[in-house]
Amino acid sequence: MMNEERVQQLFTVNAGAALPAACNVMLLIFQALEAILLRTVSNLSHFSVVGMNIVKKLIYSYVKLIYAALYSENCKMSRGCLTLLSAMVAQGPDSARDVCSHFDFNNKYLPGLLKKGFKKAEVLGCA
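Worth saying up front: this structure is predicted, and the values here are computed from it rather than measured.

**Q** Even after reading the chapter, I still don't get empty space enclosed by the protein, so can you show me in this structure?
**A** One way to see where empty space is left: roll a probe the size of a water molecule over the atoms. Within this structure, the stated rule accounts for 1 cavity of 30 Å³ or more. Size it by volume and the largest cavity reaches roughly 70 Å³. Secondary-structure elements contributing two or more residues to the lining of the largest cavity are α4 (63–70), α5 (75–89) and α6 (93–102). At 3 residues, the largest contribution of residues to the lining of the largest cavity is made by α4. Residue classes in the lining of the largest cavity are distributed as 8 nonpolar, 1 polar and no charged.

**Q** Looking at this structure, I do not really get the nonpolar core. What am I missing?
**A** Nonpolar side chains in soluble globular proteins tend to end up buried together. Membership of the largest hydrophobic core comes to 27 residues, with the highest contact counts inside it found for Leu58, Leu85 and Met88. Where this core is concerned, the elements lending two or more residues are α2 (19–41), α3 (48–61), α4 and α5. The element best represented in this core is α2, accounting for 7 residues. Each residue touching Leu85, except ones within four places of it in the same chain, is listed here: Ile66, Leu70, Val99 and Phe103.

**Q** Would you mind showing me how to read the packing of α4 against α5 here?
**A** Geometrically, a packed helix pair is captured by the angle between its two axes and the distance between the axes. α5 packs onto α4 with a crossing angle of 135° between their chain directions and a minimal axis gap of 7 Å. Viewed along their axes, α4 and α5 adopt a mutual orientation that is oblique. In this structure, α4 contributes Ile66, Ala69 and Leu70 to the contact, and α5 contributes Met77, Ser78, Cys81, Leu82, Leu85 and Met88. Taken together, the residues of the contact of α4 with α5 sort by class into 8 nonpolar, 1 polar and no charged.

**Q** How should the pattern of salt bridges be read in this particular structure?
**A** Pairs can form between side chains of opposite charge once their charged atoms are near each other. Overall, the coordinates contain 2 salt bridges when judged by the stated rule. The partner of Asp98 in a salt bridge is Lys56, with the nearest N and O atoms 3.1 Å apart. Highlighted residues: Asp98 in helix α6 and Lys56 in helix α3, separated in sequence by 42 residues. Of the residues examined, Asp98 reaches a relative accessible area of 15% and is grouped as buried. Here Arg97 ties to Asp94 by a salt bridge, and the two come within 2.8 Å at their closest N and O atoms. Residue Arg97 and its partner Asp94 are located together in helix α6, separated by 3 residues, close to a single helical turn. For Asp94, a relative accessible area of 47% puts it in the partly exposed group.

Parameters and conventions
By convention here, each chain's residues receive numbers from 1 onward along its written sequence. Since the coordinates come from a predicted model, pLDDT governs what is reported: local features require at least 70, and pairs of side-chain atoms require 80 or more to be given and counted, while whole-chain, interface and lining totals use all residues. In computing side-chain properties, one takes all heavy atoms of the structure into account and sets aside hydrogens as well as water. Buried and open spaces are told apart on a 1 Å grid over the protein atoms alone, a cavity being a set of points where a 1.4 Å probe fits but cannot get out and a pocket being an open set with protein on both sides within 12 Å along at least five of seven lines. Residues with an atom within 4 Å of a point are the lining residues. Grid points are joined across faces, edges and corners, and a volume is the space filled by probe spheres set on the points. Runs of H or I in DSSP of at least four residues are treated as helices and runs of E of at least two as strands, each being numbered from the N terminus. In this count, Pro and Cys sit with the nonpolar residues alongside Ala, Val, Leu, Ile, Met, Phe, Trp and Tyr, while Asp, Glu, Lys and Arg are called charged and the others, Gly among them, polar. Only buried residues count toward a nonpolar core. Its members are Ala, Val, Leu, Ile, Met, Phe, Trp, Tyr and Cys residues joined through side-chain atoms within 4.5 Å. Exposure categories follow from relative accessible area, calculated using a 1.4 Å probe and restricted to protein chains: below 20% of the type maximum is buried, above 50% is exposed, and the middle band is partly exposed. Should any heavy atoms of two residues lie within 4.5 Å, those residues are considered in contact. Note on method: axes are straight lines fitted to C-alpha atoms, helices fitted across the in-contact stretch only, with angles between N-to-C directions ranging 0 to 180 degrees. Orientation categories follow fixed angle ranges, with anything under 35 degrees roughly parallel, anything over 145 roughly antiparallel, 65 to 115 roughly perpendicular, and all other angles oblique. Here, a salt bridge means any Lys or Arg side-chain nitrogen found within 4 Å of an Asp or Glu carboxyl oxygen.

Encoded structure:
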């Protein structure tokens with residue numbers, strides 16, 4: 001299972017990559033972390049502490065990357081970030097409280113997400 005060093009490796013793996021490649025790698029990292037978090041909530045509940053540690057590491061160390069992805073011009077990147085945030089909140093009430101308390105709801109770019117034009121199939125996860 002993932003530990004803190006491996007999460008660190010995931011985020012530093014694309015430090016020197018070109019911008020499009022870095023976006024693709026970051027999207028894959030978000031999807032991998034989302035899958036891990038969703039598994040720790042469902043059928044791997046005995047690893048819930050691991051899921052909580054991943055959420056805390058993301059909140060305390062990588063919130064700037066999450067914001068950059070969320071407010072990216074790339075719709076896939078924004079959508080990937082939103083699904084990761086959903087998986088983070090799904091870890092439970094403590095995790096949801098941590099995410100809400102560290103998220104900047106006053107960010108001036110937040111209303112722009114409403115205008116992104118996600119297709120209905122994309123929002124439902126069918127795309």
